[in-house]
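Fold and contact review
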Amino acid sequence: MENNAPTPPESPRPAAASIDTATGQEAAPELSSERVKHIFATIAKKYERFNAISSFGSYKLWLAGMMKQADIQPTDDVIDIAGGTGDVAFTVARAKHPAHIQCTDLVDEMLDVARAHRSCGAGGDVPMDFEVVDAQEIPYESESYDALTMAYGIRNMPKRQQALSEMYRVLKPGGSFTCLEFSTPPNPVWRGLYHFYLKHLIPFWGGLITGDRDGFVYLSRSIKAFPDQRQFAAMLEEAGFTDVQWKNYTGGIAAVHTARKPQ
Ligand SMILES: C[S@@+](CC[C@H](N)C(=O)[O-])C[C@H]1O[C@@H](n2cnc3c(N)ncnc32)[C@H](O)[C@@H]1O
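All chains use their own residue numbering, which begins from 1 and follows the written sequence. The model is predicted, so local features are restricted to residues of pLDDT at least 70 and side-chain atom pairs to those at 80 or more, both for listing and for counting; the totals for chains, interfaces and linings are taken over all residues. Just so you know, side-chain values use all the structure's heavy atoms and leave hydrogens and water out.

Describing the overall build of the protein
Just so we agree on the cut-off: Helix and strand assignments follow DSSP, with helices taken as H or I runs no shorter than four residues and strands as E runs no shorter than two, numbered in order from the N terminus. When accessible area is computed with a 1.4 Å probe and restricted to protein chains, residues below 20% of their type maximum are described as buried, those above 50% as exposed, and intermediate ones as partly exposed. Whether two residues touch is decided by their heavy atoms; if any such pair falls within 4.5 Å, the residues are in contact. All accessible-area figures derive from a Shrake-Rupley calculation using a 1.4 Å probe, and residue coverage is judged against the displayed protein chains alone.
When helices and strands are counted, the protein shows 9 helices and 7 strands. Structurally, the protein occupies a C-alpha span of about 45 × 40 × 35 Å along its principal axes. Expressed as a percentage of the 263 residues in the protein, the buried residues total 54%. Here the contacts in the protein between residues at least 6 apart in sequence split such that 73% fall between residues at least 24 apart. For the protein, the exposed surface amounts to about 11700 Å²; the carbon and sulfur share of it is 54%.

Observations concerning the UniProt feature "binding site: S-adenosyl-L-methionine" (unreviewed entry) in the protein
To keep it simple, the criterion reads: UniProt positions are given in the numbering used here, feature names are shortened, and annotations may be inferred rather than shown by experiment. Here a polar contact is recorded for every N or O atom pair within 3.5 Å, except that within protein the pair must consist of a potential hydrogen donor and a potential acceptor, and residues adjacent in sequence are included only if both atoms are side-chain atoms.
The UniProt record marks T85, D105, D134 and A135 with the feature "binding site: S-adenosyl-L-methionine" (unreviewed entry), using the residue numbering of this structure. Considering the arrangement of structural elements, one finds T85 in the loop between β1 (77-81) and α4 (87-96). When residues no more than four places from it in sequence are discounted, the contact partners of T85 are A44, Y47, E48, F90, M110, V113, A114 and H117. A distance of 2.9 Å separates a polar atom in the side chain of T85 from a polar atom in the side chain of E48. Those residues in contact with D105 that sit more than four places away from it in its chain are A82, G83, G84, M110, L111, E131, V132 and V133.

With respect to unusual backbone geometry
A positive phi angle is found at A82, which is not glycine, with a value near 55°. Mapped onto the elements, A82 comes out in the loop between β1 and α4. Taking the relative accessible area as the measure of exposure, A82 reaches 24% and is therefore partly exposed.

Remarks on the pairing of strand β7 (residues 254-260)
This is how the line gets drawn: Strands are treated as partners if at least two bridges between them are detected by DSSP.
Of all 7 residues in β7, 6 are buried, a share of seventy percent or more. Taken together, the 7 bridges between strand β5 (residues 171-182) and β7 define a ladder with antiparallel strand orientation. Bridge pairing in β7 links T178 to T258. Here strand β6 (residues 242-249) folds back onto β7, and the loop between the two strands holds 4 residues, one of which, T250, carries a positive phi near 50°.

Section: the pairing of strand β4 (residues 145-151)
Here is the rule we go by: By convention, a crossover is right-handed whenever its connection, traced from the first strand over the helix to the second and viewed with the strands pointing away, goes clockwise.
Burial of β4 is extensive: 7 of the 7 residues sit out of reach of the surface. Where β1 meets β4, 4 bridges bridge the pair, whose relative direction is parallel. Bridging from a neighbouring strand, I79 pairs with L148 of β4. Of the pairings in the sheet, the one linking β4 to β5 comprises 6 bridges and is parallel in character. By the bridge assignment, M150 is partnered in β5 with C179. Running through helix α6 (residues 160-170), the crossover from β4 to the neighbouring parallel element β5 is right-handed.

Points about the site of the ligand
The test is simple: By convention in this text, a residue qualifies as near a molecule or strand provided that one of its non-hydrogen atoms is within 4 Å of it. Throughout, the ten residues Ala, Val, Leu, Ile, Met, Phe, Trp, Tyr, Cys and Pro are labelled nonpolar, Asp, Glu, Lys and Arg are labelled charged, and all others, Gly among them, are labelled polar.
The ligand sits among 21 residues. The nearest are Y59, A82, D105, D134 and A151. Interatomic distance of 2.7 Å between a backbone N/O atom of A82 and a nitrogen atom of the ligand. L106 has a polar backbone atom sitting 3.2 Å from a nitrogen atom of the ligand. Burial of the ligand by the surrounding chains reaches 98%, relative to a free accessible area of 600 Å². In terms of residue class, the shell around the ligand is built from 14 nonpolar, 5 polar and 2 charged.

A word on the environment of Q263
Looking at where Q263 falls in the secondary structure, it is placed in the segment after β7. With 89 residues separating them in the primary sequence, Q263 and G174 have C-alpha atoms 4.6 Å apart. When near neighbours in sequence (up to four residues on either side) are disregarded, Q263 contacts P173 and G174.

A look at the packing of α6 against helix α9 (residues 229-239)
Short version of the rule: For helices, the fitted line uses only the C-alpha atoms of the stretch in contact; every axis is such a line through C-alpha atoms, and the angle between N-to-C directions lies from 0 to 180 degrees. The cut-offs work like this: below 35 degrees is roughly parallel, past 145 is roughly antiparallel, 65 to 115 is roughly perpendicular, and the gaps in between are oblique. Each crossing gets its hand from how the near helix is turned against the far one by less than a right angle, where anticlockwise is left-handed and clockwise is right-handed.
Contact geometry for α6 and α9: axes closest at 9 Å, N-to-C directions at 55°. Taken as axis vectors, α6 and α9 run oblique relative to one another. Of the two possible hands of crossing, α6 and α9 adopt the one that is right-handed. Contacts between α6 and α9 involve R160, Q161, L164, S165 and Y168 from the first element and F232, M235, L236, E238 and A239 from the second.

Re the sheet that holds strand β2 (residues 100-105)
Strand order in the open sheet made by the 7 strands is β3-β2-β1-β4-β5-β7-β6, with mixed pairing throughout. Of all the strands in the sheet, just β3 (128-132) and β6 have a single pairing partner and so form its edges. Pairs of neighbouring strands in the sheet enclose a mean axial angle of 15°, with direction left out of account. Along the sheet face, α9 touches β5, β6 and β7 and points at about 155° away from the line of β6.

Structure, rendered in structure tokens:
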């Protein structure tokens, strides 16, 4: 896999325990948690359209890449973190046919859409459960799951290092971690164009199509404030994960990080 993110600053400041997810600056966790609950409860029913726009139409392509990278076996009990309307969980069900999937999210309105898809047959015969869970304080026993998936979740969490430690805790030894997230294009020209697009076009275009400009302004800001590929890899290592790797998609606009809890 390619590990070609920009080199981090020479003396990175230690990560704050809690940040404002729109700026990356230290802040009380309630600021981001309340904002994120409000945004996702409000857009839940139109989220899938929002997602297609916010991933620049590439969501399915990146999700297919995520499935190729994810080490998930038919006997596995899988937890999907920040599962939203269930797209990752249903895709895992189709692609990997695991023994069980626990689809979790902070916002019940998002999971209601997932439950509605499920009642129409999504996920096929793979056993699935849906539960409201804050990934920063996961209410499950340690070493419960064989594999963990998460797409576009960690960027929205103010206590990111704590969330990653919680994900590490609930994985069994040897368990796999797969995370899809917006990231930082290593090429400066592509990065400049992308940041221009994020700042000026995404709020306008997204707002026009969904009527929710604020959600897209937040999206743009949170993407720019999120650690780059190498910095996020370092956060995974700090949480205890090993074999941390990533693969860039669309020139690094998105990246899938994979890691493992040691045996
Ligand atoms: C952009 S959506 C991604 C949903 C889904 N993974 C997908 O790929 O479509 C981000 C999700 O993260 C959830 N979220 C934000 N903070 C969370 C937290 N602390 N714990 C669990 N879920 C959280 C939101 O409620 C929202 O459903």
